[in-house]
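Chain by chain, the residues run as shown.
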Amino acid sequence: MLIDNSMKVMAKVFLRFMLTFLLIYLAIIFFNTIVPLFFIGFSEFDVNEFKISATLYLAALIYSMLVAFAAKCTSVYYDMFTIFSITRKRIMRTINITNVLLTVTGSVVLNLMLLMHDIPDRGLFLIMITLSIYLILNFLNFVAFLGKLFGWYYIVGTFVLLASFILFTVNYIGGFIQMGLFKTEIITFFIVATAGFFLVNNFVLSKRYEYKH
């Protein structure tokens, strides 16, 4: 059965996790957009500026929430499930289903927010956002596995360097997407990279634990 007890537990954990980020988002919106109005006057309230700010904050929040939860799935919840003698296969199935659900949900929310703005090639952005979220989730599962198996000291340093590389190139990739250049190559890279991390996570790293059902 697709939805078993471990999936239900993961769903409850995520809802609590999401609530924390939602409260953070509301606090950011309140202090960054509402509080200043008490000093400059509510007559200065700009609906379009508020819409843009709220969209950017929510997009950043969604990505941050997905990133944090993906890391916790492998580094914390994997161990939590093993304590209750759940098999590796079932744990990874739960994590994989969670990744798919988070990808679909995150992509739908982000693309619905894009409808508030005049953006060309919405179909391309839908594909890119969906693939990028799924790639990030599987990549963070991979990083968390490496950290647990070989030590966080080296893994965190490597991850920081990789994150710096991504930040360095993200503007170029975003520019290529907006200009419609290298679309096939970028999409192919996302698919191949995601498949690679998925296979390594499920058939190599998840089996390295000294744990028997």
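It should be noted that the structure appears before, not after, this text.
Parameters and conventions
- Residues numbered from 1 in each chain as written.
- Predicted model: local features only at pLDDT ≥ 70, side-chain atom pairs only at ≥ 80, totals over all residues.
- Heavy atoms only, no water.
- Helix = DSSP H or I, 4+ residues; strand = E, 2+ residues; numbered from the N terminus.
- Buried < 20%, exposed > 50% of the residue type's maximum accessible area, 1.4 Å probe, protein only.
- Contact = heavy atoms within 4.5 Å.
- Areas by Shrake-Rupley, 256 points an atom, 1.4 Å probe, with all protein chains shown as cover.
- Phe/Tyr/Trp six-rings, centres within 6.5 Å; stacked < 30°, edge-to-face > 60°.
- Core = buried A, V, L, I, M, F, W, Y, C linked by side-chain atoms within 4.5 Å.
- Patch = residues over 30% accessible without salt bridge, like charges linked within 9 Å, V, L, I, M, F, W, Y side chains within 5 Å.
- Salt bridge = Lys/Arg side-chain N within 4 Å of Asp/Glu carboxyl O.
- Axes fitted to C-alpha atoms, helices over the stretch in contact; angles between N-to-C directions.
- Left-handed = near helix turned anticlockwise from the far one by under 90°.
- Nonpolar A, V, L, I, M, F, W, Y, C, P; charged D, E, K, R; others polar.
- Expected span 1.5 Å × (residues − 1).
- Parallel < 35°, antiparallel > 145°, perpendicular 65-115°, else oblique.

Quick notes on the overall build of the chain
For the chain, the count of helices and strands is seven helices and zero strands. Along its sequence from the N terminus, the chain presents helices and strands in the succession α-α-α-α-α-α-α. The proportion of buried residues among the 213 residues of the chain is 37%. The contacts in the chain between residues at least 6 apart in sequence include a share of 80% that link residues at least 24 apart. Accessible surface, the chain as shown: approximately 13100 Å² in total, 73% of it carbon and sulfur.

Quick notes on the packing of aromatic side chains
Tallying each qualifying case throughout the model produces eight aromatic pairs. Note on Phe69 and Tyr77: the rings are 5.6 Å apart at their centroids and 45° apart in plane angle, and the pair reads as tilted. You can call Phe69 buried: its relative accessible area is 0%. Through pairs of rings, three or more aromatic residues link up here, namely Phe14, Phe17, Phe69 and Tyr77.

A short note on the nonpolar core
Among soluble globular proteins, nonpolar side chains are generally buried collectively. Within the largest apolar cluster, 39 residues are counted, with the highest numbers of intra-cluster contacts made by Met10, Phe69, Tyr77, Ile95 and Leu110. Contributing elements (two or more residues each) for this core: helix H1 (5-34), helix H3 (47-83), helix H4 (88-114) and helix H5 (122-150). Per-element tally for this core: the top contributor is H3, with twelve residues. Leu124, Met128, Ile186 and Phe190 belong to the second largest nonpolar core, which has seven residues in total.

A closer look at a nonpolar patch on the surface
A surface patch of nonpolar side chains, about 630 Å² in accessible area, is lined by Phe30, Phe31, Phe38, Phe39 and Ile40. Looking at the nonpolar patch, the elements with two or more residues in it are H1 and helix H2 (37-40). Here the nonpolar patch gets three residues from one element, more than from any other, and that element is H2. In this fold, Phe39 is placed in helix H2.

Focus on the packing of H4 against H5
Where H4 meets H5, the axes come as close as 9 Å, and the angle between the chain directions of the two elements is 145°. When you trace H4 past H5, the crossing you get is right-handed. In this structure, H4 contributes Met92, Ile95, Asn99, Val100, Leu102, Thr103, Gly106, Ser107, Leu110, Asn111 and Leu114 to the contact, and H5 contributes Arg122, Phe125, Leu126, Ile129, Thr130, Ile133, Tyr134, Leu137, Asn138, Asn141 and Phe145. Residue classes in the contact of H4 with H5 are distributed as 13 nonpolar, eight polar and one charged.

Points about the side chain of Asn141
Relative to the helices and strands, Asn141 is located in helix H5. What Asn141 contacts, discounting residues up to four positions off in sequence, is Ala70, Cys73, Thr74, Ile95, Asn99 and Asn201.

Focus: H1
For H1, built from 30 residues, the straight-helix expectation of 44 Å at 1.5 Å per residue is met to within 8% by its first-to-last C-alpha distance of 42 Å. Looking only at H1, the buried set comprises Ser6, Met7, Met10, Phe14, Phe17, Phe21, Tyr25, Ile29 and Thr33. Packed against the buried residues of H1 are H2, H3 and H4.

So, the packing of H1 against H4
Two elements in contact, H1 and H4, have axes whose closest approach is 10 Å; the angle formed by their N-to-C orientations is 45°. Taken together, the axes of H1 and H4 are oblique relative to one another. Note that H1 runs across H4; the crossing there is right-handed. Here H1 contributes Asn5, Ser6, Met7, Met10 and Phe14 to the contact with H4, which in turn contributes Arg90, Thr94, Ile95, Ile97, Thr98, Leu101 and Leu102. Of the residues in the contact of H1 with H4, the class split is seven nonpolar, four polar and one charged.

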